[in-house]
Amino acid sequence: MPTEILTALLVFAFGASIGSFLNVVIWRLPRKEQISKGRSHCPQCHKDLQALDLIPIASFLWRRGRCAHCNKKISLRYPIIELIVGALFTAVFCFLNPTDPVSWFLLAQAFFIIAVLVVVFVIDLEHYLILDKVIWPATIIILLSNLVLDFWLGNGIYFSETLQSVFGSIAGFLPFYLLWKISGGRWIGLGDAKFGSFLGAAFGLPLIFVNFFLAFFLGTIVAIPLLILGKKQLGSKLPLGTFLAVAGLITLIYGQQIWGWYLGLIGLGS
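Residues numbered from 1 in each chain as written. Predicted model: local features only at pLDDT ≥ 70, side-chain atom pairs only at ≥ 80, totals over all residues. Heavy atoms only, no water.

Participant: What should I look at first to understand a nonpolar patch on the surface in this one?
Facilitator: On the surface, Leu 163, Val 166, Phe 167, Ile 170, Leu 174, Leu 205 and Phe 209 cluster together into a nonpolar patch covering about 570 Å² of accessible area. With five residues, the top contributor of residues to the nonpolar patch is helix H6 (residues 160–183). Structurally, Phe 167 is set in helix H6. (Patch = residues over 30% accessible without salt bridge, like charges linked within 9 Å, V, L, I, M, F, W, Y side chains within 5 Å. Areas by Shrake-Rupley, 256 points an atom, 1.4 Å probe, with all protein chains shown as cover. Salt bridge = Lys/Arg side-chain N within 4 Å of Asp/Glu carboxyl O. Helix = DSSP H or I, 4+ residues; strand = E, 2+ residues; numbered from the N terminus.)

Encoded structure:
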C-alpha cells in the first residue's frame, strides 16, 4: 500500500475517533452533563458501553445499529458525525499537505477548528444553542496558538498572526452584537455574536467577511424554499450558527481563493 494512502487512512481513523468524542460533547453539554463524568452509555437503557461498542463507525455496523444491551436502535447521527469528521480531517490533511513542523502545527489548528465547527453545527441545529462552554475556551485556544505561532515564526514585536486573530475576533463579534442589541434579541441571538468572535479569531481579517458572506448566502438558499413551501414564516427562527459553521468549513479550505476571486472581480486583484 502506498505511503500516501496509508497516511490518509490513519488520518481518517484519527478524525473518526475525534468524531466519536465529539458525539459525547454534543450529547452531554446541552443536557448540562459533565463530559468527563462516567463512561459513554446507551441513551436508551443507560448501560455503560464496552470497548468493542466504541470503535468509530465499525461498532455501529457490527451491532447493526442497535445497542448490545437493550437492542434498541442507535441514532444514525453517531456514525455520520464520525464519518464526516474523518472525511474532513482527511480532506484538510490532503489540502495542506504538511511537510515541516510549522505546517503540521497549522494542520493541528485546522483540526481543532473543524471540531468546534461540528459541535456548534449540531448543537445549534438541534437545540438552537451556542454554548459559552464551547465558544470561549475555543476562542482562547485559537488566540494562544497564534501567539505561539508568532514566537515560532520570529514575528517579534509585530505579532502579525495574533493581531489578525484579535482584530478578526472583534470584527466577527461586533456586527452580530449590534444586531442583537438593536433588535433586543429578536433578529439574532447573542450566541451568534460569540460564535462570530471565534470565527474571526480562527480566520482573521479579511476572511471573516468571506465566512459571513457564505453563511448568509447559504441561509438564503435554504430559507427561500422553506418560505415558498410554507415550512417557515417571515420572522421564523433559523439556526444561524449552523450556516456560519458550514461557511466556516468552506472558508477554512477555500477562503483565500474566494477572497482573491472577489478582489479580481472588483479590479483590485494582482
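Participant: Help me understand the packing of aromatic side chains, please; the structure alone is not making it clear to me.
Facilitator: Think of a pair of aromatic rings as described by two things: how far the centres are apart, and how the planes are tilted against each other in angle. For the coordinates displayed, the defined rule picks out 13 aromatic pairs. With a centroid separation of 5.5 Å and 80 degrees between ring planes, the pair formed by Phe 105 and Trp 152 is classed as edge-to-face. Separated by 47 residues along the polypeptide, Phe 105 in helix H4 (residues 101–127) and Trp 152 in helix H5 (residues 132–153) bring together distant segments of the chain. Between Phe 176 and Phe 212, the aromatic rings sit 4.8 Å apart at their centres with planes inclined by 45 degrees, giving tilted as the arrangement. Taken together, the residues span a long stretch of sequence, with Phe 176 in helix H6 and Phe 212 in helix H8 (residues 207–228) at a distance of 36 residues. This pair shows no difference in class: Phe 176 is buried, exactly as Phe 212 is. Linked through ring pairs, Phe 14, Phe 89 and Phe 111 together constitute an aromatic cluster. Here Arg 31 stacks its cationic end above the ring of Trp 27, 3.5 Å away from the centre of that ring. (Phe/Tyr/Trp six-rings, centres within 6.5 Å; stacked < 30°, edge-to-face > 60°. Buried < 20%, exposed > 50% of the residue type's maximum accessible area, 1.4 Å probe, protein only. Lys NZ or Arg CZ within 6 Å of the ring centre and 35° of its normal.)

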